[in-house]
Amino acid sequence: TGQMYMPSVPFHASDGGKVEYVYQIPAYEGTVTVGSQTINAKASVAGNGAYSLSAASVRIPLSVTAENGSVRTYNIVINLMNES
């Protein structure tokens, strides 16, 4: 349907170490496209793209590589919700 879902809190260095973001998405969505970017232009992120929502809960890892080469993995968890 092209609906955009946003996290309630964006990924940010001041997130207190939070590494998992949960989204509740209507069950009629068959796919989700993940798009993310880093705050620092010298950092990079891997894991963006389209994902099939073939299960009631899908975990999508995003690996962020800092300028110094250290890697941190964030998880996006998609829970499909049935409409009432």
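Details of the structure are given in the entry above.
To keep things clear, this report deals only with the structure shown in the data block.

## Regarding the sheet that holds strand E5 (residues 57-65)
In spatial order, the strands read E1-E6-E5-E3; together these four strands make up an open sheet with mixed pairing. Unpaired on one side and paired on the other, strand E1 (20-26) and strand E3 (44-46) mark the two borders of the sheet. Across this sheet, the average inter-strand angle for adjacent strands is 25°, counted without regard to direction. With nine bridges joining them, E5 and strand E6 (residues 71-81) adopt antiparallel strand pairing. Along E6, the bridge assignment pairs Arg59 with Val77.

## Some words on the pattern of salt bridges
Inspection of the entire model under this criterion finds two salt bridges. Here Glu20 ties to Arg59 by a salt bridge, and the two come within 2.3 Å at their closest N and O atoms. Here Glu20, found in strand E1, pairs with Arg59, found in strand E5; they are 39 residues apart in sequence, far enough to count as distant.

## As for the pairing of E6
Of the pairings in the sheet, the one linking E1 to E6 comprises seven bridges and is parallel in character. Bridge assignment links Tyr21 to a residue of E6, and that residue is Ile76. A loop of five residues connects E5 with E6, the two strands running antiparallel in sequence, and Gly69 in this loop sits at a positive phi of about 95°.

## Side note on the packing of aromatic side chains
Summed over the entire model, instances satisfying the criterion amount to one aromatic pair. Considering the side-chain rings of Tyr21 and Tyr74, the 6.5 Å spacing of their centres and the 40° angle between planes classify their relative orientation as tilted. Of the two residues, Tyr21 sits in strand E1 while Tyr74 sits in strand E6, which places them 53 residues apart along the sequence. The class of Tyr21 is buried, set by a relative accessible area of 3%.

About the criteria used
Residues numbered from 1 in each chain as written. Predicted model: local features only at pLDDT ≥ 70, side-chain atom pairs only at ≥ 80, totals over all residues. Heavy atoms only, no water. Pairing = 2+ DSSP bridges. Helix = DSSP H or I, 4+ residues; strand = E, 2+ residues; numbered from the N terminus. Axes fitted to C-alpha atoms, helices over the stretch in contact; angles between N-to-C directions. Salt bridge = Lys/Arg side-chain N within 4 Å of Asp/Glu carboxyl O. Phe/Tyr/Trp six-rings, centres within 6.5 Å; stacked < 30°, edge-to-face > 60°. Buried < 20%, exposed > 50% of the residue type's maximum accessible area, 1.4 Å probe, protein only.

None of this, on its own, says anything about what the molecule does.
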